[in-house]
Amino acid sequence: MTSTLFSPIRLAGLELANRIIVSPMCQYSADDGCAGDWHLTHLGMLANSGASLLVVEMTDVERRGRITHGCLGLYSDDCEAALGRVVAHLRRIGAAKLGIQIAHSGRKGSAHRPWEGGQPLQSGEDAWETIAPSPIPFGSGWPTPRAMTDGDIARVREAFVATAKRALRIGFDAIELHMAHGYLLHSFFSPISNKRTDGYGGPRESRMRFPLEVARAVRAVLPEGMPLGARITGDDWLEGGLTADDAIVFAKALKQAGLDYVDVSSGGVTAETRNPSSAGYNAPLAERVRREAGLATRTVGLIVTPKQAEEIIAGGKADMVALARAVLDNPHWGWHAAQVLGADVPRPPQYQRAAPKMWPGAEFLT
């Protein structure tokens, strides 16, 4: 039988050869937002993973929109030149199409890298004031963010637009807006973090207002055939937080705003939130969004094996799967998935000697 995981899919004007996506994964290895040699190596490796689309890590729209001092940005000419160098390298050596996820960290910013503890920066560590819909800290021991003014909202909205224009000039094939994991756009939508009493808070429609303004503004500057998507939250995993019902309403509104897909994730709205740890735990959320919103849907979260990914696509739970740690563990995940599922993916000619048709040892890997 033909594998559904390795069937093509079209997002707006972009044709993808299969349903495997490399998820954006923060590397915390940039220099004042600028990509460097680590990104050349890391992304160069994943550009030949067998996935049809490689999405560059969360890339911040302003310097104070970073999570850490090591986060990637696209807010200056230097950032644009550095990331352009990486993209040119990927075009030369890789097979995957290229996407980028753009974001603002909101109240989760001004923090140490995860391997440095991940806690807020202290005095003397070049900390910065964070912003959020409401003056509510991300968690215990975190600083209280400043509630955004109308001027802040307008500035950040235009920063998303400016970053999207830079991504266009660099030559990305797709753009994804990060509206999940507790970052700024998610924090506006979630009733856990948004306690505003103006037109950007209160009822669900008002809490969606700022993320939708960003979506429309970015869509307006992109070519008609260029895919624009969003990573959204299927569940806050907290009482009184967002649920799949909210995600469906949000996905419908994003579709009306001109988005071509949503990537359904969950959690991250507070430091105390704990996600489930069952395999593919976001897939049931994505299935509901896909069915009820009528929008192409991607899912992410503990998707590990080829057969599991195949079951998600074949079972109609999602149109695409996004892999993160699985491809860090096995950068040729797509090659091995193709072998397990009886499909084929392009390999660099330098590596074709390891293909099943040319290497008997490949059969011992399945």
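Above: the structure in question.
Residues numbered from 1 in each chain as written. Predicted model: local features only at pLDDT ≥ 70, side-chain atom pairs only at ≥ 80, totals over all residues. Heavy atoms only, no water.

Enquirer: Describe the overall build of the protein, naming the residues involved and giving the relevant values.
Expert: A tally of regular secondary structure across the protein gives eleven helices and twelve strands. Dimensions along the principal axes, computed over C-alpha positions, put the protein at roughly 65 × 40 × 40 Å. Split into buried and exposed, the 366 residues of the protein put 60% on the buried side. Residue pairs at least 24 apart in sequence account for 71% of intrachain contacts in the protein once pairs closer than 6 positions are excluded. (Helix = DSSP H or I, 4+ residues; strand = E, 2+ residues; numbered from the N terminus. Buried < 20%, exposed > 50% of the residue type's maximum accessible area, 1.4 Å probe, protein only. Contact = heavy atoms within 4.5 Å.)

Enquirer: Residues and numbers for helix 8 (residues 283-293), please.
Expert: Among all positions of helix 8, only Ala 283, Leu 285, Ala 286, Val 289 and Ala 293 are buried. For helix 8, the angular spread of the buried residues around the axis is 155 degrees, confining them to a single face. In this structure, the buried side of helix 8 is in contact with helix 7 (244-256), strand 10 (261-265), strand 11 (296-300) and helix 9 (306-314). Backbone geometry just downstream of helix 8 places Gly 294 in the positive-phi region, at approximately 65 degrees. (Arc of directions from axis to C-beta.)

Enquirer: With reference to specific residues and values, describe the pattern of salt bridges.
Expert: Enumeration according to the criterion identifies 24 salt bridges in this entry. Of the charged contacts in the structure, one is a salt bridge between Glu 116 and Arg 113, with a shortest N-O distance of 3.5 Å. Across the pair Asp 263 and Arg 231 runs a salt bridge whose closest N-O atoms are separated by 2.9 Å. Pair noted here: Asp 263 is in strand 10 and Arg 231 is in strand 9 (residues 228-233), with a separation of 32 residues, a long-range link. No difference in accessibility class separates Asp 263 from Arg 231, as the two residues are buried. (Salt bridge = Lys/Arg side-chain N within 4 Å of Asp/Glu carboxyl O.)

Enquirer: Pulling in residues and values, what's your account of helix 7?
Expert: Taking 1.5 Å of rise per residue, 13 residues should cover 18 Å, and helix 7 covers 18 Å from first to last C-alpha, within 8% of that figure. Taken as a whole, helix 7 has its buried residues at Ala 244, Asp 246, Ala 247, Ile 248, Phe 250, Ala 251, Ala 253 and Leu 254. On the buried face of helix 7, the contacting elements are helix 4 (184-189), helix 5 (204-207), helix 6 (209-221), strand 9, strand 10 and helix 8. Looking one or two residues beyond helix 7, the residue adopting positive phi is Gly 258, at roughly 105 degrees. (Expected span 1.5 Å × (residues − 1).)

Enquirer: Give a description of the sheet that holds strand 4 (residues 53-60) that names residues and reports values.
Expert: Read once around its circumference, the closed barrel built from eight strands follows the order 3-4-5-8-9-10-11-12, with strand pairing classed as parallel. Here the average twist between neighbouring strands, direction ignored, is 25 degrees. As paired elements, strand 4 and strand 5 (residues 97-103) share six bridges and run parallel to each other. Pairing of Thr 59 across the sheet is with Ile 102, part of strand 5. Taken strand by strand, helix 7 contacts strand 9 and strand 10, and its axis lies near 165 degrees from that of strand 9. (Pairing = 2+ DSSP bridges. Axes fitted to C-alpha atoms, helices over the stretch in contact; angles between N-to-C directions.)

All we've got here are geometric facts, nothing functional implied.
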